[in-house]
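# Structural features, examined
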Amino acid sequence: NAGVTQTPKFQVLKTGQSMTLQCAQDMNHNSMYWYRQDPGMGLRLIYYSASEGTTDKGEVPNGYNVSRLNKREFSLRLESAAPSQTSVYFCASRGGRGGGTGNTEAFFGQGTRLTVV
Amino acid sequence: GDSVTQMEGPVTLSEEAFLTINCTYTATGYPSLFWYVQYPGEGLQLLLKATKADDKGSNKGFEATYRKETTSFHLEKGSVQVSDSAVYFCALSEWGSNFGNEKLTFGTGTRLTIIP
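This is a predicted model, so every value here is computed, not measured.

Residues and elements named next belong to chain A. Pairing within the open sheet is antiparallel, and its four strands lie in the order S1-S3-S8-S7. Single-partner strands in this sheet number two, and they are strand S1 (4-7) and strand S7 (64-68). Across the sheet, the axes of successive neighbouring strands diverge by a mean angle of 15 degrees, strand direction being ignored. Where S1 and strand S3 (residues 19-25) come together, four bridges link them in antiparallel fashion. Looking at the pairing, Thr 7 lines up with Gln 22 of S3.

Here it is, written out as structure tokens:
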């Protein structure tokens, strides 16, 4: 029972480097999310995808891009990392389908701790 | 837009004390409400939820009632244990959202520490 799998778990980048955070779920969920968690700020939504082929900006999308590769996978890319992107990143998925099933549980990955120096 | 306002932390209680963590929300439609818990070094996991007014969600001795008139979803537990030490997040999701609007919005989290 893998659930939501994120890779890598830890990463250190130099300012200006790029990287992609990977996320995959095996629960056949339509909706997937990327959040960042910072002290005192809670979880802030970066991007989400309500279904395969669609993505939408969340609260803090600047500096990030996403790809919903297929129903299982939703990746987050930092094209030119900045120290302000030092954070813990969480991927989540839920069974909501387009059309209003907003009462379903979200399942989270274990997180990626990213440090940009 | 939708938002969730949570009681500021951190909160420190003695074992067997009564717990309340306040949560209020702003939403344009008919949201579902959730409490998630995050144990150290882990991702979030669902603690309980309520999908309509006056519903009570409950799990592991925790409970919260969906109060539409006060737009609140306060978390309570009658007797906390050391194992309840964690960060608690209130969240909402709009019910009846249009296609492509499946946002799940979280509060800032409340860190709870229970001392023996």
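Once the structure has been displayed, the description carries forward.
Residue and element names in this part refer to chain B. With antiparallel pairing, the four strands of this open sheet are ordered in space as S3-S9-S8-S7. For this open sheet the edge positions go to strand S3 (19-21) and strand S7 (56-59), each flanked by a neighbour on one side alone. Each neighbouring strand pair of the sheet contributes to a mean axis angle of 20 degrees, computed without reference to strand direction. Relative to strand S9 (residues 75-77), S3 runs antiparallel, the two being bridged by three bridges. Bridge pairing in S9 places Thr 20 opposite Glu 76.

In this section: the state of the cysteines. Such a bond, covalent and formed between the sulfur atoms of two cysteines, is termed a disulfide. Considering all chains together, one arrives at two disulfides over all chains under this definition. The partner cysteine of A:Cys23 in its disulfide is A:Cys91, sulfur to sulfur 1.9 Å. In this structure, the disulfide formed by A:Cys23 and A:Cys91 twists by about -75 degrees around the S-S bond and is classed as left-handed. Residue A:Cys23 is located in strand S3, and its partner A:Cys91 is located in strand S9 (residues 87-94); the two are separated by 68 residues in the primary sequence. Disulfide pairing places B:Cys23 opposite B:Cys90 at an S-S distance of 1.9 Å. On the sign convention where negative is left-handed, the bridge of B:Cys23 and B:Cys90, at about -70 degrees about the S-S bond, is left-handed. Pair noted here: B:Cys23 is in strand S4 (residues 23-26) and B:Cys90 is in strand S10 (residues 86-95), with a separation of 67 residues, a long-range link.

Each value, and the rule that gives it
- Residues numbered from 1 in each chain as written.
- Chains lettered and ligands numbered in written order.
- Predicted model: local features only at pLDDT ≥ 70, side-chain atom pairs only at ≥ 80, totals over all residues.
- Heavy atoms only, no water.
- Pairing = 2+ DSSP bridges.
- Helix = DSSP H or I, 4+ residues; strand = E, 2+ residues; numbered from the N terminus.
- Axes fitted to C-alpha atoms, helices over the stretch in contact; angles between N-to-C directions.
- Disulfide = S-S within 2.5 Å.

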